[in-house]
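Read off the chains here:
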Amino acid sequence: MKDAGRQTEVLDSPTLDNLGSEGQEDQGSACSRWTLAFAAPSVEDAYRAYRNPVILQFLRWLLGVGAVLVFAGSAIDFYRLDSDKAWLLTGIRVAASLGMLGALVLTWTASVQRHLQTFIAVGTCLLHCMWLISVPIVGPGIAEYTGVLPINIMLTFLVSGLMFRHARIVAIGAAAAYAAALAWQLGDAALAPIFYLTLAALYAGFAAYVAERARREAWVEGNRSEELLLNVLPPTIAERMKGGEALIADRFDEAAVLFADIVGFTEMSSEMDPAELVRILDEIFRRFDLIALDLDLEKIKTIGDCYMVACGLPAGRESSAWRIAEAAHRMRGEIGQVGERYDTKLAVRIGIHCGPVVAGVIGRSKFIYDLWGDTVNVASRLESTAEPGAIQISGPMRARLKAEFQTSYRGEVEMKGKGMQPVWILGGRLE
């Protein structure tokens, strides 16, 4: 049963193939087989917001190291080429090196960080243009640089951080331009370099596709795991578990606990079709979940046809008693509506008590956030001894509610392990 107090829709499968299959588009995570972009712009934006900060860190290293290497290459060219070509080519290389340093500085600006993929795409295009401008300067000597051209293609696909949907366009365009430049300068001798350049582009493109696909699938799976975790644990508790806290146990002195049990449901289960039975119970608990969400209560668990909810926990939540009293009234009203919808007589017994509780996470393979203490036991006894349709509360709970709600004294009731205890019936709000 999903907790309505947290996200309830989860991805049915962590794989991109399944995410893109029929019936999953409404999840907003369908992924294009060719571009790898998520169909829903909001999902794609969320992925980029997750991925770009990581890319930015490596991009800064790439620009810094790249500027040094390009500058070193200019020195090598200066000593290997004749003077006219050397000065011209060196000037281009130095300008490129300074441009990379300037780009490095720009990565700390908000504008670049906001449009990082466009920034990288423009930068890689300029890098390829630098090499193409160098071709007529070097002339047939370009044959000595053919090993660098596949590296530039791989840089676009794998190292720059450019996402595949953009990288494939830039890299294919650059590879075609390189092939044309080689054919122009080398003639028939360009066949082998063009073949290896094409082969390198195919390998790099395939590797980039597989790597980004894996990253996107891991992100989807991570979101799915996050949502599943939030379905069973309060967000603050989930964060503590993800932070590595092994033992989670807290004491709350001002918690209120509510148990709601559907009257006669056990007997109904022996007479009703199983599918119909589960459908009714699911609708009831879904409505209860929405009530808990609206009133900022913490759903603890369901036990058969019994629903347990608390207020005043985990840490940071108010312990206002009126919220759990209001929840009880709404639950009773929802039971009546469900009964009318399915043409069956339904009633609920509710018990509420307040006081100290211990809350914590138990289990490993199927962990739950649970409560312990006398407060929990008394709330359970109040529910089990209540009349059908009644909201039965304890003396301490009445003391907290009497200024806002009507209450009537029922008398003393025998409670297991507690003996005779005074109880009150909760009425409506005072005018």
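Here is a short report on the structure shown in this document. Here the structure is a predicted model, which means the values were calculated and not measured. (Residues numbered from 1 in each chain as written. Predicted model: local features only at pLDDT ≥ 70, side-chain atom pairs only at ≥ 80, totals over all residues. Heavy atoms only, no water.)

Moving on: the overall build of the protein. A tally of regular secondary structure across the protein gives 14 helices and eight strands. Pairs at least 24 residues apart make up 68% of the contacts formed inside the protein by residues separated by at least 6 positions. Of the roughly 21600 Å² that the protein leaves accessible, carbon and sulfur atoms contribute 61%. (Helix = DSSP H or I, 4+ residues; strand = E, 2+ residues; numbered from the N terminus. Contact = heavy atoms within 4.5 Å. Areas by Shrake-Rupley, 256 points an atom, 1.4 Å probe, with all protein chains shown as cover.)

Further remarks concern the pattern of salt bridges. By the definition in use, this model includes 21 salt bridges. The salt bridge partner of arginine 287 is glutamate 283, with a shortest N-O separation of 2.8 Å. Separated by four residues within a single helix, arginine 287 and glutamate 283 lie in helix H11 (residues 274–294), roughly one turn from each other. Three or more residues joined by partner-sharing salt bridges are found here, namely Asp294, Glu326, Arg330, Glu404 and Arg429. (Salt bridge = Lys/Arg side-chain N within 4 Å of Asp/Glu carboxyl O.)

A few words on the packing of H11 against helix H12 (residues 321–341). Here H11 crosses H12 at 150°, and the two axes come no closer than 10 Å. Between H11 and H12, the angle is such that the two are roughly antiparallel. With respect to the hand of their crossing, H11 and H12 are arranged in right-handed fashion. Contacts between H11 and H12 involve Ile280, Glu283, Ile284, Arg287, Phe288, Ile291 and Asp294 from the first element and Ala327, Arg330, Met331, Glu334, Ile335, Gln337, Val338 and Arg341 from the second. For the contact of H11 with H12, the per-class residue count stands at eight nonpolar, one polar and six charged. (Axes fitted to C-alpha atoms, helices over the stretch in contact; angles between N-to-C directions. Parallel < 35°, antiparallel > 145°, perpendicular 65-115°, else oblique. Left-handed = near helix turned anticlockwise from the far one by under 90°. Nonpolar A, V, L, I, M, F, W, Y, C, P; charged D, E, K, R; others polar.)

In this model helix H6 (residues 148–159) runs just 15 Å from its N-terminal to its C-terminal C-alpha over twelve residues, more than 12% under the 16 Å that 1.5 Å per residue would give. The positive-phi residue at the C-terminal boundary of H6 is glycine 161, with phi of around 90°. (Expected span 1.5 Å × (residues − 1).)

Let's shift gears to the pairing of strand S1 (residues 249–262). Summarising the sheet, S1 and strand S4 (residues 348–362) pair through twelve bridges and their orientation is antiparallel. Bridge pairing links phenylalanine 259 to glycine 351 in S4. (Pairing = 2+ DSSP bridges.)

Scanning the entire structure with this criterion turns up twelve aromatic pairs. Measuring from ring centre to ring centre gives 5.5 Å for phenylalanine 38 and tryptophan 219, while their planes differ by 45°; the resulting arrangement is tilted. Remark: tryptophan 219 occurs in helix H8 (residues 191–232) and phenylalanine 38 occurs in the loop between helix H1 (16–19) and helix H2 (41–80); sequence separation between them is 181 residues. When the ring of tyrosine 47 is compared with that of tryptophan 219, the centres are 5.4 Å apart and the planes differ by 75°; the resulting orientation is edge-to-face. Remark: tryptophan 219 occurs in helix H8 and tyrosine 47 occurs in helix H2; sequence separation between them is 172 residues. The same class applies to tyrosine 47 as to tryptophan 219, namely buried. The rings of Phe38, Tyr47, Tyr50 and Trp219 are connected pair by pair, giving a single aromatic cluster. Here the guanidinium or amino end of arginine 60 rests over the ring plane of tryptophan 108, the centre of that ring lying 4.0 Å away. (Phe/Tyr/Trp six-rings, centres within 6.5 Å; stacked < 30°, edge-to-face > 60°. Buried < 20%, exposed > 50% of the residue type's maximum accessible area, 1.4 Å probe, protein only. Lys NZ or Arg CZ within 6 Å of the ring centre and 35° of its normal.)

Approximately 950 Å³ is the volume found for the largest pocket. Gly66, Val70, Met100, Leu127 and Leu155 are, among the 33 residues lining the largest pocket, the residues nearest its centre. Breaking the lining of the largest pocket down by element, the ones donating at least two residues are H2, helix H3 (83–106), helix H5 (116–138) and H6. Among the residues forming the lining of the largest pocket, the class breakdown is 22 nonpolar, seven polar and four charged. (1 Å grid on protein atoms, 1.4 Å probe; cavity = no way out; pocket = protein on both sides within 12 Å on 5 of 7 lines; lining within 4 Å. Points joined across faces, edges and corners; volume = space filled by probe spheres on them.)

Ranked by size, the top nonpolar core spans 54 residues in total, and within it Phe38, Leu116, Trp131, Ile153, Phe157, Tyr178 and Leu182 carry the most contacts. When contributions to this core are tallied by element, the ones reaching two or more residues are H2, H3, H5, H6, helix H7 (164–186) and H8. Among the nonpolar cores identified, the runner-up in size contains 40 residues, and Ile262, Tyr307, Ala327 and Leu426 belong to it. (Core = buried A, V, L, I, M, F, W, Y, C linked by side-chain atoms within 4.5 Å.)

What follows covers the packing of H6 against H7. Relative orientation of the contacting elements H6 and H7 amounts to 170°, with a least axis distance of 8 Å. Here H6 lies roughly antiparallel to H7, going by the angle between them. Here H6 and H7 pass one another in a crossing that is right-handed. Residues Leu149, Asn152, Ile153, Thr156 and Phe157 of H6 form the contact with H7, whose participating residues are Phe164, Ala167, Arg168, Val170, Ala171, Ala174, Ala175, Tyr178 and Leu182. Grouping the constituent residues of the contact of H6 with H7 by class yields eleven nonpolar, two polar and one charged.

In this structure, leucine 36 takes a positive phi of about 70° despite not being glycine. Along the chain, leucine 36 turns up in the loop between H1 and H2. One non-glycine residue, aspartate 296, adopts positive backbone phi at about 55°. Relative to the helices and strands, aspartate 296 is located in the loop between H11 and strand S2 (298–303). Owing to a relative accessible area of 36%, aspartate 296 belongs among the partly exposed residues under this scheme.

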